[in-house]
Amino acid sequence: METLQNIQQVLAKTQLLATIQKLKNTKAGLQAELDMVAVEKNATKAAIEYLKQKGFSRYEVSNFCREGYFSKHNLNYWQRGEYIGFGVSASSFIDNRRFTNTESIEEYVYAVLRNASPEVFSEEVVGDDAKREFAMLALRTEFGVSLLSYDLAFGSSFVEDFKHAIEKNAKYLDISDKNIKIKSEYLYVQNTILLDFIG
């Protein structure tokens, strides 16, 4: 849950969120927001169609490639794989622990020269938080959640653990006995869908 709170804290500081919240407080603002979503949806649809004509397919909400050329680097993130980051502000995820280096160049250099860790943030992502993160990351891809991978990772059933979220969003999901994924036509609103899986 700490990860979700961190994301909410970052969003709370953005100009975009402040503008959206301001717009939502007026009738005209709500219409402006709906218009913005419609424009974005149409632009996204046109871009996807253009890329498809050029031989690219969407394999993650914001990534496209030619068949067989998925970014292994990106897929590692979406599959909750381990990674290590070096340098200022770099993040790592190892043994269910996420940690981040200082954003200050001076602090980073000072720590490294003293043979100390430049780490300023650390959290363990286990239990229900790990399950929610797994769901959120996998549902951003065209592959969705592999039910077998989830069961092996957590020793429980994804369908049971997320029963309410699945039922609530059933019309937006492709559900099979092997995986559950967001239908491609609803990826543009995937953040709204994901809220039910991480909340």
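In what follows, the structure referred to is the one given above.
Residues numbered from 1 in each chain as written. Predicted model: local features only at pLDDT ≥ 70, side-chain atom pairs only at ≥ 80, totals over all residues. Heavy atoms only, no water.

**Quick notes on the packing of helix α6 (residues 127–138) against helix α7 (residues 147–154)**
Piece 1. At a closest axis distance of 11 Å, the pairing of α6 and α7 adopts a crossing angle of 160°. If you check the angle between α6 and α7, you find them roughly antiparallel. Between α6 and α7 lies a crossing whose hand is right-handed. Where α6 abuts α7, its residues Ala 130, Lys 131 and Phe 134 lie against Ser 149, Tyr 150 and Phe 154. (Axes fitted to C-alpha atoms, helices over the stretch in contact; angles between N-to-C directions. Helix = DSSP H or I, 4+ residues; strand = E, 2+ residues; numbered from the N terminus. Parallel < 35°, antiparallel > 145°, perpendicular 65-115°, else oblique. Left-handed = near helix turned anticlockwise from the far one by under 90°. Contact = heavy atoms within 4.5 Å.)

**Quick word on the sheet that holds strand β8 (residues 179–182)**
Piece 1. Taking strand neighbours across the sheet as the criterion, the three strands line up as β6-β8-β7 in an open arrangement whose pairing is antiparallel. Two strands close off the open sheet at either side, each with one partner strand: β6 (145–146) and β7 (173–175).
Piece 2. The pairing of β6 with β8 spans two bridges and is antiparallel. Pairing of Val 145 across the sheet is with Ile 180, part of β8. (Pairing = 2+ DSSP bridges.)

**What to know about the packing of α6 against helix α10 (residues 190–198)**
Piece 1. Their axes nearest at 9 Å, the elements α6 and α10 cross at an angle of 160°. As judged from the angle between their axes, α6 and α10 are roughly antiparallel. Note that α6 runs across α10; the crossing there is right-handed. Contacts between α6 and α10 involve Arg 132, Ala 135 and Met 136 on the former and, on the latter, Leu 194, Phe 197 and Ile 198.
Piece 2. Considering only residue class, the contact of α6 with α10 consists of five nonpolar, no polar and one charged. (Nonpolar A, V, L, I, M, F, W, Y, C, P; charged D, E, K, R; others polar.)

**With respect to the side chain of Asn 101**
Piece 1. Here Asn 101 is to be found in strand β4 (residues 97–101).
Piece 2. A relative accessible area of 9% means that Asn 101 is categorised as buried.
Piece 3. Of note is the side chain of Asn 101, whose polar atom sits 2.9 Å from the backbone oxygen of Gly 87.
Piece 4. If near-sequence neighbours (up to four positions away) are discounted, Asn 101 is found in contact with Gly 85, Gly 87, Ser 89, Ala 90, Tyr 108, Pro 118, Glu 119 and Val 120. (Buried < 20%, exposed > 50% of the residue type's maximum accessible area, 1.4 Å probe, protein only. Polar contact = N/O pair within 3.5 Å; in protein donor to acceptor, adjacent residues only side chain to side chain.)

**Looking at the nonpolar core**
Piece 1. Among the nonpolar cores identified, the biggest contains 19 residues, and Val 145, Phe 158, Phe 162, Ile 166, Ile 182 and Phe 197 are the most heavily contacted of them.
Piece 2. Counting only elements with at least two residues in this core, the list comes to α6, α7, α9 (163–168), β8 and α10.
Piece 3. Excluding its chain neighbours within four sequence positions, the residues that come into contact with Phe 197 are Arg 132, Ala 135, Leu 139, Phe 158, Phe 162, Ala 165, Ile 166, Asn 169 and Leu 173. (Core = buried A, V, L, I, M, F, W, Y, C linked by side-chain atoms within 4.5 Å.)

**Observations regarding the pattern of salt bridges**
Piece 1. Considering all chains together, one arrives at eight salt bridges under this definition.
Piece 2. For the salt bridge of Arg 140 with Glu 60, the shortest nitrogen-to-oxygen distance reads 2.8 Å. Of the two residues, Arg 140 sits in the loop between α6 and β6 while Glu 60 sits in strand β1 (residues 56–60), which places them 80 residues apart along the sequence. Take Arg 140 and Glu 60: they sit in the same class, and that class is buried.
Piece 3. Note that Glu 119 and Arg 97 form a salt bridge whose closest N and O atoms lie 3.0 Å from each other. One end of the pair, Glu 119, is in strand β5 (residues 119–124); the other, Arg 97, is in strand β4, and 22 residues separate them in sequence.
Piece 4. The class for Glu 119 is partly exposed, based on a relative accessible area of 29%.
Piece 5. Residues joined by salt bridges that share partners form a network here, namely Arg 80, Arg 98, Glu 123 and Glu 133. (Salt bridge = Lys/Arg side-chain N within 4 Å of Asp/Glu carboxyl O.)

**Concerning a nonpolar patch on the surface**
Piece 1. On the surface, a cluster of nonpolar side chains totalling about 380 Å² of accessible area is made up of Val 88, Ile 105, Val 109 and Leu 113.
Piece 2. If you trace the backbone, Leu 113 turns up in helix α5 (residues 105–113). (Patch = residues over 30% accessible without salt bridge, like charges linked within 9 Å, V, L, I, M, F, W, Y side chains within 5 Å. Areas by Shrake-Rupley, 256 points an atom, 1.4 Å probe, with all protein chains shown as cover.)

**Regarding the packing of aromatic side chains**
For any pair of aromatic rings, the description consists of the separation of the ring centres together with the inter-plane angle of the planes.
Piece 1. A full pass over the atoms with the stated rule returns 13 aromatic pairs.
Piece 2. Each ring, one from Tyr 150 and one from Phe 158, has its centre 5.1 Å from the other, and the planes form 80°; the classification is edge-to-face.
Piece 3. With relative accessibility at 0%, the residue Tyr 150 sits in the buried group.
Piece 4. An angle of 5° between the planes, with centres 6.2 Å apart, marks the rings of Phe 158 and Phe 197 as stacked. Taken together, the residues span a long stretch of sequence, with Phe 158 in helix α8 (residues 158–161) and Phe 197 in helix α10 at a distance of 39 residues. With respect to burial, Phe 158 and Phe 197 carry one shared label: buried.
Piece 5. Three or more aromatic residues joined by ring pairs form one cluster here, namely Phe 134, Tyr 150, Phe 154, Phe 158, Phe 162 and Phe 197. (Phe/Tyr/Trp six-rings, centres within 6.5 Å; stacked < 30°, edge-to-face > 60°.)

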